[in-house]
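# Coordinate analysis (summary)
Here are the chains, one letter per residue:
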Amino acid sequence: MEFVAISLLNGISFGMVLFLLTIGLSITLGLMGTLNLAHGALFMVAAFVGWTASVKLGLNYPLAVLLGGIAAGLVGLAIERGLLRHLYKQLNEQVVVTIGCIYIITNLSLWVWGGAGRTPFTGFTGSFPIGGMMYPAHRVATIGIGLILFFAIRWLLEKTRLGAIVRAGMDDKETTIGLGINLGRVTYLAFFLGCFVAGIAGVIGAQMLGANLAMGWSILLLALIVLVVGGAGSIQGALLGSMVIGTINAFGIALVPDFARFFMYVVMIIILMVKPTGLLARKA
Amino acid sequence: MKNKFLVILLALMLVTSLVITGCIPAPAPVEPVEPIKIGAICCLTGDMSFWGAGSKRGLEFGFAEVDWEIAGRPLELFVEDDATWDEVMALEAARKLVEVHGVDILMGPIASSSYLGTGSYIDVMKIPTLGLCYRGEFETWEEPTWNFSAHGAIAQRGYALGQYAYEVLGFRTATTMGADYETGYQGAGSFSDGFYDAGGSVIQQQWAPPTEIEWGPYNAVVEDADCTAVIQYGSCMHSYIKSWYEFGFWDKQPLLLITPCTVFESDLEAFGDWTTGLYSATSYVTTLDTPANQKFVADFEAMYGQKPIFPDIWGYVSALWARTMLEGAGDDITNYALRDALLDSTIETPIGPITFHGDEGWTTIPMYIIQAQQVGGEMTWQVVEAYPAVGKAKYYTKMPPGTWTR
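Residues numbered from 1 in each chain as written. Chains lettered and ligands numbered in written order. Predicted model: local features only at pLDDT ≥ 70, side-chain atom pairs only at ≥ 80, totals over all residues.

## A few points about the overall build of chain A
Condition: Per the convention used, a helix needs a DSSP run of H or I reaching at least four residues, while a strand needs a run of E reaching at least two, with both numbered from the N terminus. C-alpha atoms define the radius of gyration in this analysis, and the globule rule sets the expected value at 2.2 Å times the number of residues to the power 0.38. Distance between backbone-placed C-beta atoms decides contact: two residues are in contact if it is within 7 Å.
Across its full length, chain A carries eleven helices and two strands. Listing each helix as α and each strand as β along chain A from the N terminus yields α-α-α-α-β-β-α-α-α-α-α-α-α. Relative to its length of 284 residues, chain A is compact, with a C-alpha radius of gyration of 19 Å against a globular reference of 19 Å. Expressed as lengths along the three principal axes of its C-alpha atoms, the size of chain A is roughly 60 × 45 × 35 Å. In chain A, of all internal contacts separated by at least 6 residues, the share reaching a separation of at least 24 is 76%.

Right, dumping it as structure tokens:
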């Protein structure tokens, strides 16, 4: 029972970090048809900015999370305005350019923060007992923050005028523009939002992972798996996909460590075969 | 009188013409001295870029000690990046250094993947190559090759720590967490062997990919033991240490680091004083209390404004090995002469004396058990036990959990 509880918490908390990272990918791919592979690099930049704010400058942790989000949002916006807006509907070019952005962002980070990784840092210290084991408080806080952001983004997309425009743009871009809506502005606002949330994920994730220059790549692969499993353009899909992957990862490593990654890919392949658009892909 | 004047004039004209036509030798022109070229493959970008930067510093410091000159010939250092784990880039870097720059000696690479990517090329080209770090991959020689492990192997550290854990710390059971590749197998395997040989029992061996980022699931199933020995690198090691503490294992099941090479004193400081008491095994720490080391640390600090970290010292020791090769080879710096100068030689270093055994491609090296301690308000690694000369280690393969209970 203790093992099941801890493994579930592990799966959900790690899945929540993946969820926050994947939301941005999901929105931009669903809304604009833009695949931004530099999303993982934004996660990394935010982790370093969060470290600078929280550890080096001694600011409080929520402020560090906010600053990390803003930094990632601004870098993402620069990528969108500078590069991606010229490459709409050119998926191959988007992939090549955004992979290039990973290298550029990583090397700029090397220049700014140096090559050494930063140890994990958190605003939620302490642990609490579960059976005979202790469990880190920050992991439970991660679950709470993830859920709050899930409901906030869902409200934003489903209950506000901005969200209605975003959804209309996803469904029928030409008609939305024809109605006199400035979709361009909404588009880059949505892009900023996606990158901002990836930045929040970076600082939240740094509680477990710390900050290092390899994060841009290592976390990206998991985010893409979540995107495939959950389906693009859907907040609920991103949440479900990340919970599935997080839980498989937690139980897989604990029970059959040599095959944990294998199971993750098997699930992805099965879902691609049975439901190629993902579990909860957004329907137009 | 007139004839005498004409004879003198003719004699002067004759001498002048002889000088002009070269019959009387003029002073020889100074021929340019060919520099000795040394190439280094360092990870200057990627996850371990701090390591490459340190190796480069150490090499430069070692060559600066002899004013970048050996036997009247200037030294030139060429450094190429391999982006930490990229074996293709490492091979390209080796080719550029050898085929474009024409280096006489190679240094590095550092990471295992790069080492494996360049190994065959180095042997085919017969370029004397010195490592910039201890090696995870164990190689015994049928006959001398060209890739010299100048700093020994991880297995020398792991075995010493395993013995110390049983004999001095009094642990009787242990679990291990190893990086799931060659260096991890050597590290966890040698610890297990040292612990077992002393009388202990390793009841669980966990393996995780060297890029693992989520340690919660591993901690959920770790078995109760007297201690846990871990070998991971870079950020993986940092996040593992933190998770061990946060999951409440720190006090009830002490952690032993099979190598501290990516856990610097600044990292101990960043973790906090709860790391006090953490044990590890290494060939070097800056606090080593010997005159040679104190001089090295002081000189290094004067030059770079910071204390040396692990890659700095190992880069420096590699430079000492290169100097030994070049001084031993004298005027003949062909590859065979350089190799012969290295075999069976001993150098004095801030670490202590290191001997290279030519018959097996192996170094005997001092080894230290170290402990994280707060000294003068700062977290430092302090030597608690010294093994002056640790020799050849065994070869280990990945073992299924439970093997070490025997």
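## Quick notes on the overall build of chain B
So the rule is basically this: To sort residues by exposure, count the other C-beta atoms lying within 10 Å of each residue's C-beta; 20 or more gives buried, 12 or fewer gives exposed, and values between give partly exposed, all with C-beta atoms placed from the backbone.
Along its length, chain B carries twelve helices and 15 strands. Relative to its 406 residues, chain B shows a buried fraction of 53%. Within chain B, contacts between residues separated by at least 24 positions form 72% of all contacts whose residues are at least 6 apart in sequence.

## Points about the sheet that holds strand β3 (residues 73–81) of chain B
Residue and element names in this part refer to chain B. So the rule is basically this: DSSP-based pairing: two strands are paired if at least 2 bridges between them are found. Working convention: axes come from line fits to C-alpha atoms, limited for helices to the stretch in contact. Angles between N-to-C directions cover 0 to 180 degrees.
Strands sit in the order β2-β3-β1-β4-β5-β6 across an open sheet of six strands; the sheet is mixed. Single-partner strands in this sheet number two, and they are β2 (69–70) and β6 (147–148). Of the strands in this sheet, β1 (36–42), β3 and β4 (105–107) are in contact with helix α3 (residues 87–100), which crosses β3 at around 155°.

## Quick notes on the packing of helix α5 (residues 154–167) of chain B against helix α6 (residues 182–198) of chain B
To describe two helices that pack against each other, one gives the angle between their axes and the distance between the axes. Residue and element names in this part refer to chain B. Condition: Less than a right angle of anticlockwise turn of the near helix away from the far helix marks a crossing as left-handed, whereas a clockwise turn marks it as right-handed. Residues are sorted three ways: Asp, Glu, Lys and Arg are charged, Ala, Val, Leu, Ile, Met, Phe, Trp, Tyr, Cys and Pro are nonpolar, and all the rest, Gly among them, are polar.
Interaxial distance between α5 and α6 falls to 7 Å at its minimum, and their mutual angle equals 35°. Pair α5 / α6 crosses with right-handed handedness. Residue-level inspection shows I154, A155, G158, Y159, A160, L161, G162, Q163, A165, Y166 and E167 of α5 in contact with α6, the latter providing T183, Q186, G187, S190, F191, S192, D193, G194, F195, D197 and A198. Per-class residue counts for the contact of α5 with α6 are ten nonpolar, nine polar and three charged.

## Remarks on the interface of chain B and chain A
The partner chain A presents 29 residues to the 27 residues of chain B that form the contact. For the side of chain B that touches chain A, the secondary-structure elements that each account for two or more residues are α2 (49–64), β8 (201–208), α7 (216–220), α8 (234–246) and α9 (265–271) of chain B. In terms of residue count, the dominant contributor to the side of chain B that touches chain A is α8 of chain B (six residues). Tallied by class, the residues present in the side of chain B that touches chain A amount to eleven nonpolar, eleven polar and five charged.

## Overview of the confidence of the model for chain B
The line we're drawing: Scored from 0 to 100, pLDDT records how confident the predictor is in each individual residue.
With 86% of its residues at a pLDDT of 70 or more, chain B has an overall mean of 87. As a predicted assembly, this complex carries a pTM of 0.87 together with an ipTM value of 0.90.

## Some points on the packing of helix α2 (residues 39–56) of chain A against helix α9 (residues 215–230) of chain A
Residue and element names in this part refer to chain A. Put simply, the test is: Our angle categories are set so that under 35 degrees counts as roughly parallel, over 145 as roughly antiparallel, 65 to 115 as roughly perpendicular, and the remainder as oblique.
Viewed as axis vectors pointing N to C, α2 and α9 meet at an angle of 130°, and their least axial separation amounts to 7 Å. Put simply, α2 runs oblique to α9. Here α2 and α9 pass one another in a crossing that is right-handed. When α2 is examined against α9, the residues H39, G40, A41, F43, M44 and A47 are found in contact with a partner set consisting of M215, G216, W217, I219, L220 and A223.

## Focus: helix α5 (residues 137–159) of chain A
Threshold: Here a helix's expected span is defined as the number of its residues, less one, multiplied by 1.5 Å.
Relative to the 33 Å expected for 23 residues at 1.5 Å per residue, α5 of chain A spans 32 Å between its end C-alpha atoms, a close match to the ideal helical length. Among the residues of α5 of chain A, H138, R139, T142, I145, G146, I153 and L157 of chain A are the ones counted as buried.

## A word on the domain arrangement of chain B
When the parts of a complex come together, some accessible area is lost, and that lost area is often used as the size of the interface. Residues and elements named next belong to chain B. The criterion, for reference: All the domain ranges listed were derived from an automatic or database domain assignment.
Assigned domains of chain B: these are domain 1 (36–127 + 291–350) and domain 2 (154–288 + 367–405). Placing the centre of domain 1 and that of domain 2 at their C-alpha centroids yields a distance of 28 Å. Contacts between domain 1 and domain 2 engage ten residues on the former and ten residues on the latter. Going through the elements one at a time, α10 (291–304) and α11 (310–329) are the ones with two or more residues in the side of domain 1 that touches domain 2. Its residues placed into classes, the side of domain 1 that touches domain 2 shows six nonpolar, two polar and two charged.

## Thoughts on helix α11 (residues 260–274) of chain A
Taking 1.5 Å of rise per residue, the 15 residues of α11 of chain A would be expected to cover 21 Å, and the 21 Å separating its terminal C-alpha atoms lies within 8% of that figure. Contact partners of the buried residues in α11 of chain A: α9 and α10 (235–255) of chain A.

## A look at unusual backbone geometry
A negative phi angle is the norm for most residues apart from glycine, just as the trans form is the norm for most peptide bonds. Residues and elements named next belong to chain B. With an omega of -5°, the peptide bond between G108 and P109 qualifies as cis. The residue P109 is located in the loop between β4 and α4 (112–125) in this model. Even without glycine at this site, W68 takes up a positive phi of about 55°. Looking at the element boundaries, W68 is found in the loop between α2 and β2. Judged by the 15 C-beta atoms lying within 10 Å of it, W68 falls in the partly exposed class.

## Concerning the environment of L342 of chain B
Residue and element names in this part refer to chain B. Summarising the element assignment, L342 is placed in helix α12 (residues 335–342). Judged by C-beta crowding, with 22 C-beta atoms within 10 Å, L342 ranks as buried. Separated by 173 residues in the primary sequence, L342 and L169 place their C-alpha atoms 38 Å from one another.

## Let's talk about the environment of E158 of chain A
Structurally, E158 of chain A is set in helix α5. Residues E158 of chain A and S26 of chain A, spaced 132 residues apart in sequence, show a C-alpha to C-alpha distance of 15 Å.

## Describing the pairing of β8 of chain B
The side chains of a regular strand alternate between the sheet's two faces. Relative to β8 of chain B, strand β7 (residues 173–179) of chain B is paired through seven bridges, and the arrangement is parallel. Paired with M177 of chain B across the bridge in β8 of chain B is Q206 of chain B.

## Quick notes on the environment of M133 of chain A
All names here are of chain A. Relative to the elements of secondary structure, M133 occurs in strand β2 (residues 133–136). M133 gets classed as partly exposed once you count the C-beta atoms within 10 Å, which come to 18. Between the C-alpha atom of M133 and that of F150, which follows or precedes it by 17 residues, the distance is 29 Å.

## Description of the pairing of strand β14 (residues 362–375) of chain B
Residues and elements named next belong to chain B. With four bridges joining them, strand β11 (residues 279–282) and β14 adopt antiparallel strand pairing. By the bridge assignment, T282 is partnered in β14 with Y368. When strand β13 (residues 352–357) meets β14, the two strands line up antiparallel, connected through three bridges. Residue pairing for β14: H357 is matched across the bridge by W362. One ladder, built from ten bridges, connects β14 with strand β15 (residues 378–390); its direction is antiparallel. Its bridge partner being in β15, M367 is matched across the sheet by Y387. Hairpin connection of β14 to β15: two residues between the antiparallel strands, including G376 at a positive phi of 60°.

## Brief notes about the confidence of the model for chain A
In this model, chain A carries an average pLDDT of 89, and 99% of its residues clear a pLDDT of 70 or more. Element-level pLDDT for chain A is lowest in helix α6 (residues 161–171) of chain A, with a mean of 82, against a maximum mean of 95 in α2 of chain A.

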